[in-house]
Amino acid sequence: MIPVTALPGWAWVLALSVAGNAALGWAWLGARDSAAIATVERDDARAAASACSDATEALRELADKRGAEAKKAQAAARGKAGEHQRAANEIMAAPAPVPGDSCASAQVRVDSWLRGRVHP
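Residues numbered from 1 in each chain as written. Predicted model: local features only at pLDDT ≥ 70, side-chain atom pairs only at ≥ 80, totals over all residues. Heavy atoms only, no water.

## Overview of the overall build of the chain
- A count of helical and extended segments in the chain gives two helices and zero strands.
- For the chain, whose C-alpha radius of gyration is 45 Å, the value lies well above the compact-globule estimate of 14 Å for 120 residues.
- Each of the three principal axes of the chain carries a C-alpha extent, and together these read 135 × 30 × 25 Å.
- Counting all 120 residues of the chain, 2% fall into the buried class.
- Of the roughly 10300 Å² of accessible surface on the chain, 65% is carried by carbon and sulfur atoms.
- Charged side chains of the chain number 14 positive and 13 negative; the gap between the two group centres comes to 8 Å. (Helix = DSSP H or I, 4+ residues; strand = E, 2+ residues; numbered from the N terminus. Rg over C-alpha atoms; globule rule 2.2 N^0.38 Å. Buried < 20%, exposed > 50% of the residue type's maximum accessible area, 1.4 Å probe, protein only. Areas by Shrake-Rupley, 256 points an atom, 1.4 Å probe, with all protein chains shown as cover. Lys, Arg positive; Asp, Glu negative; His and termini not counted. Charge placed at Lys NZ, Arg CZ, Asp CG, Glu CD.)

## Describing helix α2 (residues 102–117)
- Along its 16 residues, α2 runs 22 Å from first to last C-alpha, staying within 8% of the 22 Å computed at 1.5 Å per residue.
- Near the N-terminus of α2, the side chain that reaches the backbone nitrogen of C103, with its oxygen 3.4 Å away, is that of D101. (Expected span 1.5 Å × (residues − 1). Polar contact = N/O pair within 3.5 Å; in protein donor to acceptor, adjacent residues only side chain to side chain.)

## A few points about the side chain of S105
- Relative to the helices and strands, S105 is located in helix α2.
- A distance of 2.8 Å separates the side chain of S105 from the backbone oxygen of V98, its partner in a polar contact.
- With residues up to four places along the chain from it excluded, the contact list for S105 reads A96, P97 and V98. (Contact = heavy atoms within 4.5 Å.)

## Comments concerning the environment of S34
- Structurally, the position occupied by S34 is in helix α1 (residues 9–93).
- In this structure, the C-alpha to C-alpha distance between S34 and L59, residues 25 residues apart in sequence, is 37 Å.

## Brief notes about the pattern of salt bridges
- Applying the stated criterion to the full structure yields four salt bridges.
- When the shortest N-O distance is used, the salt bridge between D33 and R32 registers 3.4 Å.
- With a relative accessible area of 38%, D33 lands in the partly exposed category. (Salt bridge = Lys/Arg side-chain N within 4 Å of Asp/Glu carboxyl O.)

What follows is the structure, given as structure tokens:
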């Protein structure tokens, strides 16, 4: 083995150049790998954001559809409530079927109501 002090000056320069190039190559490979990982992560984030946006759009469309259906159901319920209110007013405005006996009058009204609900 040759002693280190016996190497000529150009060998030192060559050794330093090889070591510097190796260090630069190693750093470049690390930076390249980091850039590749960042690109993959960026693409994954874009895909996730796009999927989230699509899902949000679908939910908005579903909410709009259900809102329109709910408005129709509310309008039908308002109509039915009006019918029930009119029927209740008629019942309340009618004279007692059995004057002077609230229980008997109530029984007559309930029987009449039940006959109206039964459809043979």
